[in-house]
Amino acid sequence: MKAIRRFTVRPVLPEPLRPLNDLARNLRWSWHAETRDLFRSVDPERWAASGHDPVRLLGSVPPGRLAELAEDRRFLRRLAAVAGDLGDYVTGERWYQHQSAELPAAVAYFSPEFGITAALPQYSGGLGILAGDHLKAASDLGVPLIGVGLLYRHGYFRQTLSRDGWQQEHYPVLDPNELPLTLLKEPDDTPAQVSLALPGGRSLHARIWLAQVGRVPLLMLDSDVEENDLGERGVTDRLYGGGSEHRLLQEMLLGIGGVRAVRTYCRLTGHPAPEVFHTNEGHAGFLGLERIAELCADGLDFDPALEAVRAGTVFTTHTPVPAGIDRFDRELVAHHFGPAAELPTIDVERILRLGMETYPGGEPNLFNMAVMGLRLAQRANGVSLLHGNVSREMFSGLWPGFDPDEVPITSVTNGVHAPTWVAPEVFRLGARQIGVRRTEDAMTVGGSDRWDSVAEIPDQDVWELRRALREQLVTEVRERLRASWRQRGAGTAELGWIDGVLDPDVLTIGFARRVPSYKRLTLMLRDRDRLMDLLLHPERPVQIVVAGKAHPADDGGKRLVQELVRFADDPRVRHRIVFLPDYGMAMAQKLYPGCDIWLNNPLRPLEACGTSGMKAALNGCLNLSVRDGWWDEWFQPDFGWAIPTADGTGTDPDRRDDIEAAALYDLLEQRVTPRFYERGRDGLPDRWIEMVRQTLTLLGPKVLAGRMVREYVERLYTPAAHAHRAMAPEAARELADWKARVRSAWHGVTVDHVETSAATPTAELGSTLSLRVRVGLGDLGPDDVEVQAVSGRVDPEDRIADASTVPLKPVGSPDEEGRWVYEGPLSLDRTGPYGYTVRILPAHRLLASGAELGLVAVPSEGTGEGAGVLMR
């Protein structure tokens, strides 16, 4: 019989054990080993059965065991120590509190998914794991962040395989009362709510659940409440589920509802109001509209409100391809805003203009969430150096007239939260070397000096650690493989072979990630005979562990999974290659440490960053990867291998895959496996161990989420907070009026004549030329513009590369025709073909970049010397 109603019955803890409840409700346990060890000691069997979830554990422990622990003085001492440590962690001063700069009072960080722990399955892949690591690192550093997301009742799907290897999706229902969450409540004990207006007089209501991530509150909006109709209750049903309108409502709830949730949380708790709003990908872009509406309600017009909102907004793009961006039909967006729907005081056309692709190559009837994100943020970034370049190219249409390298999108390379991803055995080895506190600091704050001590760890210790981790992975793989085959319908009698799967002394390669086509799950199968030779080599075999989920709607991805599974099912090789279904955080935390090589072979440059190799590296695993994302930036032969790419425009996809697969096999046969199996005089693979050591000392400090968050604070959050403070209502009105005046007058801005003191087309290195320029400013004055000389090496078509800019100064007053003369020096600091040009940009003290307005005036073809080539 099916129950008509469900309750969650929580245990009543004896008074001495009450701190266990606080420890379970703060997700710091997910990266704090002592807290997890404490919960394990409550009941080891139930801890394992709970999936290492303290909330589920405490709900299953018998009262007799709780009474026993309440009398156990040793346990109570441990409990007091761990609870006290959490108290110090949450209230004590950390890195952020010791900075001298005027940092933001608070930052609101919005993301559609957060991967904090397997016990709170609200993530699908890299974006969510990155967001979770961002919150954890902010907590460790003491950054006053407020996370904002949605609570999906089904989370992302669970993956199993059919007998023939086809991916099957399952959507278990999540009860928030059984998760490490607390309902945010008003002073009268009623649940706090936010509401959105929908077309037709309907409303979308959502409750606010709080996940405490160390020091950082994470607010999660849940539409499955009784006040909603059935359709609205399902808005937060699944992560990345449903059609266009469903996704639009999710993103309106995340952005608009999220700002309202932040205001509610700050009102109820006294938390400082955020000065900076960080949009992690375009899904939360509507938060800017809600903040504009707030300012309009306080008396600002739309344009000044837009300037005030932009000043304090940071936008991070994670996709290197337009197909990865959410885009909605113009009419669908228009239907959900305006007098009869949400944000009724804002003209719908103004809203639409923020997201429409009104630039060359755009589709003018589509509303683009990333485009809106960029137009609503004064600061934007990609997530690796290469991805920054790709993003500037991809979005250059928003800044016409500027070279892609001048598009105002910077980059902050992603990092990973070491305490979450480093195996306890690795941590213990570090602690033995430099002490627990210094090891914790090395993993959270970073700093290369703390990592240098890895060089002093004996080879024998490094190698024994690597083998122990590999052995743990072998055990884990066999357990998961047996469970998978049972789900596929196999009987126990058929599965004896699983006891011989993998070998703790064989070179182990890991490949685990989402399965879109560009990540090329099956590139390793390109030459199956050659792969079999590698797997079955009599002296230097390799073994491969593969995992990954295809999107439920991506049949192409599912076919790739099936192809890999069928190969791994072959009795000849199934002891050497396995596919593990249901890749998630719990599996990943075992997989990264146990592998010797982390394989990554995307189509370059389609990997924005890719952080799985970073997590592997922190455990002493070496990377074997295409030079894409972060690996392009930090690769060195000292600690890994780069798979050559065949990404020329003339190479068709099939041929490219053949070339790059052959390069992968060559590397494995000729360089990787010999290095692993060759032994030095002491019987150890000393050259391999040295690469492990170099990975930890050189890559370790770079790949940390602590480093990443510090960069966000210093390079983006703090400038955004200063800009926010400077953009008081009067300043916002001034900037909006000035922009309107400049845009309307820009047609009158011209570069009329350019001349230099150079008498010949050659000059000597180190000499300085005088530059004189005559310009027309129309209705603008010298205070509205900056006239620049732009110079650098030139290519055969006289395009300037590696340009440097020098501002020129006005000389005297305008002439009879109203033209101004600007002068300045031009230093010739490079040899070879060298050229210059002149341009005029808008200039205002409140702009973050000269390119911000997308306006530039340059010489016409017949203007004086134009971009005269000075040195050959």
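What counts as what
- Residues numbered from 1 in each chain as written.
- Predicted model: local features only at pLDDT ≥ 70, side-chain atom pairs only at ≥ 80, totals over all residues.
- Heavy atoms only, no water.
- Helix = DSSP H or I, 4+ residues; strand = E, 2+ residues; numbered from the N terminus.
- Rg over C-alpha atoms; globule rule 2.2 N^0.38 Å.
- Buried < 20%, exposed > 50% of the residue type's maximum accessible area, 1.4 Å probe, protein only.
- Contact = heavy atoms within 4.5 Å.
- Areas by Shrake-Rupley, 256 points an atom, 1.4 Å probe, with all protein chains shown as cover.
- Pairing = 2+ DSSP bridges.
- Axes fitted to C-alpha atoms, helices over the stretch in contact; angles between N-to-C directions.
- pLDDT = per-residue confidence, 0-100.
- Expected span 1.5 Å × (residues − 1).
- Bend = angle between axes of the 7 residues up to and from the residue.
- Disulfide = S-S within 2.5 Å.
- Parallel < 35°, antiparallel > 145°, perpendicular 65-115°, else oblique.
- Core = buried A, V, L, I, M, F, W, Y, C linked by side-chain atoms within 4.5 Å.
- Salt bridge = Lys/Arg side-chain N within 4 Å of Asp/Glu carboxyl O.
- Phe/Tyr/Trp six-rings, centres within 6.5 Å; stacked < 30°, edge-to-face > 60°.
- Lys NZ or Arg CZ within 6 Å of the ring centre and 35° of its normal.
- Left-handed = near helix turned anticlockwise from the far one by under 90°.
- Patch = residues over 30% accessible without salt bridge, like charges linked within 9 Å, V, L, I, M, F, W, Y side chains within 5 Å.
- Lys, Arg positive; Asp, Glu negative; His and termini not counted.
- Charge placed at Lys NZ, Arg CZ, Asp CG, Glu CD.
- Polar contact = N/O pair within 3.5 Å; in protein donor to acceptor, adjacent residues only side chain to side chain.

Draft legend 1. Geometry of the overall build of the chain. Looking only at helices and strands, the chain has 29 helices and 28 strands in total. Radius of gyration (C-alpha) of the chain: 29 Å, near the 29 Å computed for a compact globule of 872 residues. Projected onto its principal axes, the C-alpha positions of the chain cover 95 × 70 × 50 Å. Looking at the chain as a whole, 57% of its 872 residues are labelled buried. When contacts within the chain are restricted to residue pairs at least 6 apart in sequence, those whose partners lie at least 24 apart make up 73%. Split by element, the accessible area of the chain, about 35,100 Å² in all, is 49% carbon and sulfur.

Draft legend 2. View of helix α15 (residues 385-394). Within the span of α15, buried status applies to Leu386, His387, Gly388, Val390, Ser391 and Arg392. Each element contacted by the buried residues of α15 is listed here: β13 (379-382), β14 (410-411) and α25 (629-634).

Draft legend 3. Molecular detail of the sheet that holds strand β16 (residues 542-547). Taking strand neighbours across the sheet as the criterion, the six strands line up as β17-β16-β15-β18-β19-β20 in an open arrangement whose pairing is parallel. Bordering the open sheet on either side are β17 (577-580) and β20 (640-643), each of which pairs with just one other strand. Taking the axes of each pair of neighbouring strands and ignoring which way they run, one obtains an average angle of 20° across the sheet. The pairing of strand β15 (residues 507-512) with strand β18 (residues 597-600) spans two bridges and is classified as parallel. Looking across to β18, one finds that isoleucine 509 is bridged to isoleucine 597. On the sheet, helix α20 (residues 459-487) packs against β15, β16 and β17 and is oriented at approximately 60° with respect to β17.

Draft legend 4. Molecular detail of the sheet that holds strand β22 (residues 768-776). One open sheet holds the four strands; their spatial order is β21-β22-β26-β25, and the pairing between them is antiparallel. Looking at which strands have only one partner, the edges of the open sheet turn out to be β21 (750-756) and β25 (809-811). Each strand axis lies, on average, 30° off the axis of its neighbour in the sheet, ignoring direction. Pairing geometry for β25 and strand β26 (residues 819-827), over three bridges, is antiparallel. Of the residues in β26, the one forming a bridge with valine 811 is valine 821.

Draft legend 5. Spotlight on the confidence of the model for the chain. Here the chain averages 93 in pLDDT, while 96% of its residues score no lower than 70. Contacts of residues 864-872 to residues separated by more than four positions or lying in other chains number 38 contacts, the stretch itself having pLDDT below 50.

Draft legend 6. A look at helix α28 (residues 705-726). Under the 1.5 Å per step criterion, the end-to-end length of α28 is 30 Å for 22 residues, consistent within 8% with the ideal 32 Å. At valine 713, α28 is deflected by roughly 40°, the largest bend along its length.

Draft legend 7. Here's a closer look at the state of the cysteines. Counting across every chain of the model gives zero disulfides. Of the cysteine sulfurs around cysteine 595, a residue in no disulfide, the closest is that of cysteine 621, at 5.7 Å. Counting only cysteine sulfurs, cysteine 621 is the nearest neighbor of cysteine 609, a cysteine outside any disulfide, at a range of 16 Å. Residue class for cysteine 609 comes out buried when judged on its relative accessible area of 3%.

Draft legend 8. Up close: the packing of helix α7 (residues 126-141) against α28. Their axes nearest at 8 Å, the elements α7 and α28 cross at an angle of 80°. Taken together, the axes of α7 and α28 are roughly perpendicular relative to one another. Facing Leu130, Asp133, His134, Ala137, Ala138 and Leu141 of α7, the residues of α28 in contact are Ala705, Gly706, Met708, Val709, Arg710, Tyr712 and Tyr717.

Draft legend 9. Seen up close, the nonpolar core. Of all hydrophobic cores here, the largest spans 109 residues; its most connected members are Met524, Ile597, Leu624, Trp641 and Trp688. Residues in contact with leucine 624, not counting those within four places in the same chain, are Ile597, Trp598, Leu599, Asn600, Trp641, Ile643, Leu664, Leu667 and Leu668. Counting 62 residues, the second largest nonpolar core, distinct from the first, contains Leu127, Leu248, Ile346 and Met372.

Draft legend 10. Looking closely at the pattern of salt bridges. Tallying each qualifying case throughout the model produces 67 salt bridges. One salt bridge in this structure joins lysine 739 and glutamate 852, with 3.1 Å as the shortest N-O distance. With a gap of 113 residues between them, lysine 739 in helix α29 (residues 729-745) and glutamate 852 in the loop between β27 (834-842) and β28 (869-871) connect regions that are remote in the sequence. When sorted by exposure, lysine 739 lands in the same class as glutamate 852, which is buried. Each of Arg520, Arg526, Asp654, Arg656, Asp657, Asp658 and Glu660 takes part in salt bridges that share partners, so that together they form one network.

Draft legend 11. Broad picture of the packing of aromatic side chains. This model, assessed by the stated rule, comprises 20 aromatic pairs. Ring geometry for phenylalanine 286 against phenylalanine 337: centres 5.4 Å apart, planes inclined by 45°, an arrangement best described as tilted. Remark: phenylalanine 337 occurs in the loop between α12 (330-335) and α13 (348-355) and phenylalanine 286 occurs in the loop between β9 (276-280) and α10 (287-297); sequence separation between them is 51 residues. Judged on exposure class, the residue phenylalanine 286 and its partner phenylalanine 337 are both buried. Note that arginine 488 overlies the ring of tryptophan 485, its terminal NZ or CZ placed 4.1 Å from the centroid.

Draft legend 12. Structural detail: the pairing of strand β24 (residues 800-807). Across six bridges, the pairing between strand β23 (residues 785-794) and β24 is antiparallel. Bridging from a neighbouring strand, arginine 793 pairs with alanine 801 of β24. Between the end of β23 and the start of β24, which pair antiparallel, lie five residues, with aspartate 798 showing a positive phi angle near 65°.

Draft legend 13. Structural context of the packing of helix α17 (residues 424-434) against helix α18 (residues 436-444). In the contact formed by α17 and α18, the axes pass within 7 Å of each other and the chain directions differ by 125°. The angle between α17 and α18 falls in the class oblique. For the pair α17 and α18, the sense of crossing is right-handed. Across from Phe427, Gly430, Ala431 and Ile434 in α17, the residues of α18 making contact are Val436, Arg438, Thr439, Glu440 and Met443.

Draft legend 14. Seen up close, unusual backbone geometry. Of note, the bond from arginine 604 into proline 605 is cis; its omega dihedral lies within 30 degrees of zero at 5°. Residue placement: proline 605 occurs in the loop between β18 and α24 (612-617). At tyrosine 240, a position not held by glycine, the phi torsion is positive, near 55°. Phi at aspartate 582 is positive, roughly 65°, even though this residue is not glycine. Along the chain, aspartate 582 turns up in the loop between β17 and α23 (585-594). Using a relative accessible area of 16% as the deciding quantity, one classes aspartate 582 as buried.

Draft legend 15. Representation of the environment of glycine 766 in the model. Tracing the backbone through its elements, the reader meets glycine 766 in the loop between β21 and β22. On the accessibility criterion, glycine 766 (60% relative accessible area) is exposed. Sequence spacing of glycine 766 and leucine 828 is 62 residues, and the spatial spacing of their C-alpha atoms is 5.3 Å.

Draft legend 16. Spatial organisation of a positive patch on the surface. Together, Arg73, Arg74, Arg77 and Arg78 line one region of the surface with positive charge. The residue arginine 74 is located in helix α6 (residues 73-91) in this model.

Draft legend 17. Local environment of the side chain of arginine 693. Examined against the element boundaries, arginine 693 turns out to sit in helix α27 (residues 686-699). Judged by its relative accessible area of 8%, arginine 693 falls in the buried class. For arginine 693, the side chain forms a polar contact with the side chain of aspartate 459, separated by 2.9 Å. What arginine 693 contacts, discounting residues up to four positions off in sequence, is Val454, Ala455, Ile457, Pro458, Asp459 and Val462.

Draft legend 18. Up close: the environment of asparagine 26. Locating asparagine 26 in the fold gives a position in the loop between α1 (19-25) and α2 (33-42). Along the primary structure asparagine 26 and proline 217 are separated by 191 residues, whereas in three dimensions their C-alpha atoms are 9.6 Å apart. Residue contacts for asparagine 26: discarding those within four places in its chain leaves Leu86, Val90, Gln212, Val213 and Gly214.

Draft legend 19. Highlighting the side chain of asparagine 600. For asparagine 600, the position within the fold is in strand β18. Exposure remark for asparagine 600: the relative accessible area of 7% places this residue in the buried category. Looking at asparagine 600, its side chain comes within polar contact range of the side chain of glutamate 607, at 3.1 Å. Discounting chain neighbours no more than four positions away, the residues touching asparagine 600 are Phe511, Arg513, Glu607, Leu624, Ser625, Val626 and Ile643.

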